[in-house]
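Working through the structure, step by step
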Amino acid sequence: MIEGHTDQDLEKELKRYMYAGLYPDVLRRLAWRPWLARAEVRCFRPMVSKISPDLAALTLFISCQQNSCRYCYGAARSMLKVLGLPEQEILGIERAAYSEAETQQPVSTFVRKLAEADPRPGAAELESLRESGLDPVAIAEIIGVVTAANFSNRNCTFLAVPPETILEKQAGGLVGLVLRLIWGKRNAAVRPSREDLDFEDTVDPFSPFVALPSGTAYARWLRSAIDACLSDEVIGRNAKLFMFAVVARTLQSPAFEQACEQALEGRGWSREDIQSGIESLSPRNFSQKELNLLAWTRETVWYVPFEVQRRTADFAREHTDPEFLVEAVGTAALANALARLGLLI
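Throughout what follows, the structure given in this document is the object of discussion. (Residues numbered from 1 in each chain as written. Predicted model: local features only at pLDDT ≥ 70, side-chain atom pairs only at ≥ 80, totals over all residues. Heavy atoms only, no water.)

1. Let's talk about the overall build of the protein chain
The cut-off we apply is this: Note on conventions: DSSP H or I runs of at least 4 residues are helices, E runs of at least 2 residues are strands, and numbering of each starts at the N terminus. Throughout, exposure labels follow a simple rule: accessible area from a 1.4 Å probe, protein chains only, divided by the maximum for the residue type, with under 20% read as buried, over 50% as exposed, and the rest as partly exposed. In what follows, a contact means two residues having at least one pair of non-hydrogen atoms within 4.5 Å.
Scanning the protein chain for helices and strands turns up 20 helices and 0 strands. Across the 345 residues of the protein chain, 55% fall into the buried class. In the protein chain, once contacts between residues fewer than 6 apart in sequence are set aside, the share between residues at least 24 apart is 73%.

2. Overview of the environment of Asp198
Counting through the fold element by element, Asp198 comes out in the loop between α12 (194-197) and α13 (207-211). Relative accessible area serves as the criterion here: at 47%, Asp198 is assigned to the partly exposed category.

3. A word on the pattern of salt bridges
We count it as follows: Definition used for salt bridges: Asp or Glu carboxyl oxygen within 4 Å of a side-chain nitrogen of Lys or Arg.
Within this structure, the stated rule accounts for 24 salt bridges. Two residues, Arg220 and Asp196, come together in a salt bridge whose shortest N-O distance is 2.9 Å. Remark: Asp196 occurs in helix α12 and Arg220 occurs in helix α14 (residues 217-231); sequence separation between them is 24 residues. The class for Asp196 is buried, based on a relative accessible area of 6%. We note a salt bridge from Asp227 to Arg223, for which the minimum N-O separation is 3.0 Å. Of this pair, Asp227 and Arg223 both sit in helix α14, 4 residues apart, roughly one helical turn. Overall, the relative accessible area of 3% leaves Arg223 in the buried class. In this structure, a network of salt bridges that share partners links the residues Arg33, Asp232, Lys240, Glu323 and Glu327.

4. Side note on the packing of helix α15 (residues 237-251) against helix α18 (residues 288-298)
Selection criterion: A fitted line through C-alpha atoms represents every axis, and for helices the fit uses only the stretch in contact; the resulting angles, taken between N-to-C directions, go from 0 to 180 degrees. Comment on the angle field: the value is read as roughly parallel under 35 degrees, roughly antiparallel over 145, roughly perpendicular from 65 to 115, and oblique elsewhere. Each crossing is labelled by how the near helix is turned from the far one, with a counterclockwise turn of less than a right angle marking it left-handed and a clockwise turn marking it right-handed.
As a packed pair, α15 and α18 sit with axes 9 Å apart at the nearest point and diverge in direction by 30 degrees. The orientation of α15 with respect to α18, classified from their angle, is roughly parallel. Between α15 and α18 lies a crossing of right-handed hand. Residues Ala239, Phe242, Met243, Val246, Val247 and Thr250 of α15 pack against Glu290, Leu293, Leu294, Trp296, Thr297 and Arg298 of α18.

5. A word on the side chain of Arg340
Formally: When charges are counted, Lys and Arg contribute as positive and Asp and Glu as negative, whereas His and the chain ends are disregarded.
Tracing the chain through its elements places Arg340 in helix α20 (residues 322-341). No salt bridge forms around the buried Arg340; measuring N to O, its nearest opposite-charge neighbour Glu116 is 8.1 Å away.

6. Topic: the side chain of Asp232
Here Asp232 shows up in the loop between α14 and α15. With residues near it in sequence (within four places) discarded, Asp232 still touches Arg33, Trp35, Lys240 and Glu327.

7. Observations concerning the nonpolar core
Cut-off, in case you're wondering: Only buried residues count toward a nonpolar core, which is a set of Ala, Val, Leu, Ile, Met, Phe, Trp, Tyr and Cys residues joined through side-chain atoms within 4.5 Å.
Counting 116 residues, the largest nonpolar core has Phe206, Phe244 and Phe256 as the members making the most contacts within it. Broken down by element, the residue count for this core peaks at 13 residues, all from α20. Dropping the residues within four chain positions of it, Phe244 is found in contact with Phe206, Cys229, Leu230, Phe256, Cys260, Thr331, Leu334, Ala335 and Leu338.

8. A few points about unusual backbone geometry
Cis geometry is adopted by the peptide bond preceding Pro119, which originates at Asp118 and carries an omega value of 5 degrees. The topology assignment puts Pro119 in the loop between α7 (105-116) and α8 (123-131). Of note, the phi angle at Ser68 is positive, near 55 degrees, even though the residue is not glycine. Within the secondary structure layout, Ser68 lies in the loop between α4 (53-66) and α5 (70-82). A positive phi angle, near 65 degrees, is found at Asn285, a position not held by glycine. Along the chain, Asn285 turns up in the loop between α17 (271-280) and α18. Looking at Asn285, the relative accessible area reads 72%, which means it is exposed.

9. Considerations on the packing of aromatic side chains
As a reminder of what qualifies: Note on ring pairs: Phe, Tyr and Trp rings are taken, using the six-membered ring of Trp, and paired if centres are within 6.5 Å. Classes follow the plane angle, with under 30 degrees stacked, over 60 edge-to-face and the rest tilted. For a Lys NZ or an Arg CZ to count as sitting over a ring, it must be within 6 Å of the ring centre and within 35 degrees of the ring normal.
In the structure shown here, the tally under the stated rule is 14 aromatic pairs. An angle of 75 degrees between the planes, with centres 5.6 Å apart, marks the rings of Phe209 and Phe256 as edge-to-face. Residue Phe209 is found in helix α13, and its partner Phe256 is found in helix α16 (residues 254-265); the two are separated by 47 residues along the sequence. The exposure class assigned to Phe209 is buried, which follows from its relative accessible area of 1%. Grouped by ring-pair contacts, the aromatic residues Phe158, Trp296, Tyr303, Phe315 and Phe324 constitute a single cluster. When the ring centre of Trp269 is taken as reference, the NZ or CZ atom of Arg284 above it lies at 4.4 Å.

10. Quick word on α15
To keep it simple, the criterion reads: Each helix should span, by expectation, one fewer than its residue count multiplied by 1.5 Å.
If you check α15, its first and last C-alpha atoms are 21 Å apart, about what 15 residues at 1.5 Å a residue would give, namely 21 Å. When you tally the buried positions in α15, you get 11 out of 15 residues, the bulk of the element. Against α14, α16, α17, α18 and α20 lie the buried residues of α15. Positive phi appears at Gln252, one or two residues downstream of α15, with a value of about 60 degrees.

In structure tokens form, the structure reads like this:
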């Protein structure tokens, strides 16, 4: 659908976050929009300190399964092999994703609901997590891992990024051993930096969403992604906010829709024009290209992977600029992650 983009400075920057300097294909494709590649690279390994790497891996696996992201599922599994987890241990994590054991069931139920939003997570699921012995920061880390996965899964799925088949086949063999020796760690997670944990958010309509993973590295990651997305002008800010609002309305995420309305009102839009634009997918003074963008965005909320990939390919043929396409994909992916996060507000 789209070829990768070569940016040597960006590649050097992003490799610092990867295993032994690996540079996955998805990052090359997202490199057309540097903010998006920077947000994506932080999704490869959970950024946690309170929950165990095994629980973080379980959360990531369930999210990939629920979102039907073949690329992310294979990549996550391969990285566990590279980091030294034997096949039987990985299979145990996979089995735990569907375990009804008392210690796993509250987490797996919550993660499935937050990832797919059908059925929806709510107060009962959050209370079950608390009753299982998880403290607020641990719960916030689980929320953060799922939110990052919801974002990453859609970037990969919408662009139909092919699986890293060579890595998948060789991760448990000699290649995996060499990479493990280079990396020098057997750890499926990244410990957050003090800068990440001490982050204090600004106040705007999206602050309540950033607050949900407060006290974790995901709060800073989410704020950076939101600000970078809305600051980039390949697609105008008004168009992006309507993309957010269309996703919110389609998913029926009231808190996210309200935040979008507040942001648009702050840019001079009346409540009547906002509602009309969301319902008709035809905000006033939008170009045909922007109207096509909103129509495509609505298709990204509930989808079968093959169908949304076909629809995205059709959209790409209509709008051949790779920067525009990648920007659209990243904005829709972020909107879907935020809309699902908003179900907890």
